[in-house]
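Each chain, letter by letter, is given below.
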Amino acid sequence: MTLAGKVAIVTGGGDGLGRAEALALAAAGADVVVGDVNESDVVAEIEELGSKAVFVKGDVSERDTADALTRAAIDLGGLHILVNNAGVLRDRMLFSMSDEEWDLVVKVHLRGHFLLSRNAAAYWRTQAKANGPGYGRIVNTSSEAFLLGSEGQPNYAAAKAGITALTLTSARSLAKYGVRANAICPRARTRMTARVFGDAPTGPDPLAPEHVGRFVAFLASPEADAINGQVFVVHGDTVMLMAAPTVE
Ligand code: ADP
């Protein structure tokens, strides 16, 4: 599997799953534009793997940040792979969730996915009109919460449902430009999941972020050409289990 000559954007790539995804893409040969609100040393690690890397600091749910990420990819040689991963949690039971908690989580997850998907779609459409169908891959970050619900996470579950629908719509509407769009429902041990679940088991065999990263690199690769509009549970086990947090 090689991603040599491909340029990827990974949002929320500074830490956790996004960082593992960015490193897996670089290990497969891609150059990577990393977006994150927080500073990160991931760029140095990507460069050690022999790939080019650019860090764009900012909130992915703001248009200026999404545009800066897109421009950075094009400056590196094009945009081939978009991995939407950035997210935040504001867990609260539905009856006491504030407007702000709702809006922030929906905005970062859903609007963040939208802004970059729109930019990528426009770029791939223009490329296809000039040169015929090209190469585009979108890997979005959903969650089984979109289907099962998640007590204490109405904002997150609703945002993930929106992301899943956006993924399926992207898959349908962009295939003619050479684009494949899929979503993952990951469960790995990261700081975010540790904050939510503590030491409680998160499933029979929670994955390391590196496992999820390798699967994302596969979906981003030419080998995954036949896979479009799919939602993958990447948990390390065969069942979808929700160990839902209950936050009053
Ligand atoms: P996980 O480890 O499960 O991926 P994290 O909270 O560690 O969860 O990762 C989410 C990543 O997204 C972090 O690197 C975080 O800094 C980043 N992030 C959070 N909100 C935004 C945002 N609005 N824009 C860009 N990146 C963000």
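The structure we're discussing is the one just above.
Position labels on residues start from 1 in each chain and follow its written sequence. Confidence filtering applies because this is a predicted model: local features only for residues at pLDDT of at least 70, side-chain atom pairs given and counted only at 80 or more, and all residues used for totals across whole chains, interfaces and linings. Each side-chain value is derived from all of the structure's non-hydrogen atoms; neither hydrogens nor water enter the calculation.

Student: What exactly am I supposed to notice about the overall build of the chain here?
Tutor: Tallying secondary structure elements over the chain gives eight helices and seven strands in all. The cut-offs for exposure are 20% and 50% of the maximum accessible area for each residue type, with area from a 1.4 Å probe on protein chains only; residues under the lower value are buried, those over the upper are exposed, and the others partly exposed. Burial status across the chain gives 53% buried among its 248 residues. Whether two residues are in contact is decided by their heavy atoms, any of which lying within 4.5 Å being enough. Considering only contacts in the chain between residues 6 or more positions apart, those separated by 24 or more positions represent 70%. When the accessible area of the chain is evaluated, it comes to approximately 10,900 Å², of which 54% is carbon and sulfur surface. Note on conventions: DSSP H or I runs of at least 4 residues are helices, E runs of at least 2 residues are strands, and numbering of each starts at the N terminus. Only the protein chains shown count as covering a residue, and every accessible area follows the Shrake-Rupley method with a 1.4 Å probe.

Student: Quick question: what am I supposed to make of the sheet that holds strand β4 (residues 81-84) here?
Tutor: Neighbouring strands of a sheet are bound in pairs by backbone hydrogen bonds; such pairs are parallel or else antiparallel. DSSP calls a pair of strands paired once it identifies at least 2 bridges connecting them. Strand order in the open sheet made by the seven strands is β3-β2-β1-β4-β5-β6-β7, with parallel pairing throughout. The sheet is open, and its two borders are formed by β3 (53-57) and β7 (231-234), each paired with just one other strand. Averaged over all pairs of adjacent strands, the angle between their axes in this sheet comes to 15 degrees, without regard to strand direction. Relative to β7, strand β6 (residues 179-186) runs parallel, the two sharing four bridges. Looking at the pairing, C185 lines up with V233 of β7. Helix axes are fitted only over the stretch in contact, all axes being lines through C-alpha atoms; the angle between N-to-C directions runs from 0 to 180 degrees. Each of β1 (7-11), β2 (31-36), β4 and β6 touches helix α1 (residues 16-27); the most contacted strand, β1, lies at about 170 degrees to it.

Student: What's the story with the environment of A188 in this structure? I'm lost.
Tutor: Among the structural elements, A188 can be located in the loop between β6 and α7 (191-197). For the pair A188 and R111, spaced 77 residues apart in sequence, the C-alpha separation works out to 24 Å.

Student: Can you help me understand the pairing of β1 in this one?
Tutor: Of all the five residues making up β1, five are buried; the element is thus mostly covered by neighbouring parts of the structure. Taking every second residue as pointing to the same face, both faces of β1 are buried, with V7, I9 and T11 on one and A8 and V10 on the other. Taken together, the five bridges between β1 and β2 define a ladder with parallel strand orientation. Considered in β2, the bridge of I9 is made with V33. For the crossover that starts at β1, traverses α1 and ends in the parallel β2, the hand is right-handed. By the bridge criterion, three bridges tie β1 to β4 in an arrangement that is parallel. What sits directly across from V10, in β4, is V83. Handedness of a crossover is defined as follows: with both strands directed away from the viewer, a clockwise route from the first strand across the helix to the second makes it right-handed.

Student: Would you mind showing me how to read helix α8 (residues 209-219) here?
Tutor: A turn of α-helix holds 3.6 residues, and therefore any two residues three or four places apart point the same way. When α8 is considered as a whole, its buried residues turn out to be P209, V212, G213, V216, A217 and L219. Buried residues along α8 cover an arc of 160 degrees about the axis, so they all sit on one side. Buried positions along α8 lie against α1, β4, β5 (136-141), β6 and β7. Think of the arc as the fan of directions from the helix axis to the C-beta atoms.

Student: Mind showing me how you'd approach the pattern of salt bridges here?
Tutor: Salt bridges are counted wherever a side-chain nitrogen of Lys or Arg sits within 4 Å of a carboxyl oxygen of Asp or Glu. One pass over the full model with this rule turns up nine salt bridges. Among the salt bridges present, the one from E39 reaches K57, with a minimum N-O distance of 3.7 Å. Of this pair, E39 sits in the loop between β2 and α2 (42-48) while K57 is found in strand β3, placing the two residues 18 residues apart along the sequence. Across the pair, K57 and E39 agree in class, each one exposed. Close ionic contact of D225 with R137 constitutes a salt bridge, the shortest N to O distance being 3.7 Å. Of this pair, D225 sits in the loop between α8 and β7 while R137 is found in strand β5, placing the two residues 88 residues apart along the sequence. R137 gets classed as buried once you look at its relative accessible area, which sits at 1%. Salt bridges linked by common partners bring R19, D41 and E45 together as one network.

Student: Even after reading the chapter, I still don't get the packing of α1 against α8, so can you show me in this structure?
Tutor: For any two helices packed against each other, the geometry comes down to the angle between their axes and how far apart the axes lie. Axis separation between α1 and α8 bottoms out at 8 Å; the angle between their running directions is 50 degrees. Overall, the two elements α1 and α8 adopt an arrangement that is oblique. As for how α1 packs across α8, the hand of that crossing is right-handed. Counting all contacts with α1, which are made through G16, L17, A20, E21, A24 and L25, the residues of α8 involved are P209, E210, V212, G213, R214, V216 and A217. Within the contact of α1 with α8, the residues separate by chemical class into eight nonpolar, two polar and three charged. When describing relative orientation, an angle under 35 degrees is termed roughly parallel and one over 145 degrees roughly antiparallel, while 65 to 115 degrees is termed roughly perpendicular and anything else oblique. We call a crossing left-handed when the near helix sits turned anticlockwise from the far one by less than a right angle, and right-handed when that turn is clockwise. Each residue gets one label: Ala, Val, Leu, Ile, Met, Phe, Trp, Tyr, Cys and Pro are nonpolar, Asp, Glu, Lys and Arg are charged, and the others, such as Gly, are polar.

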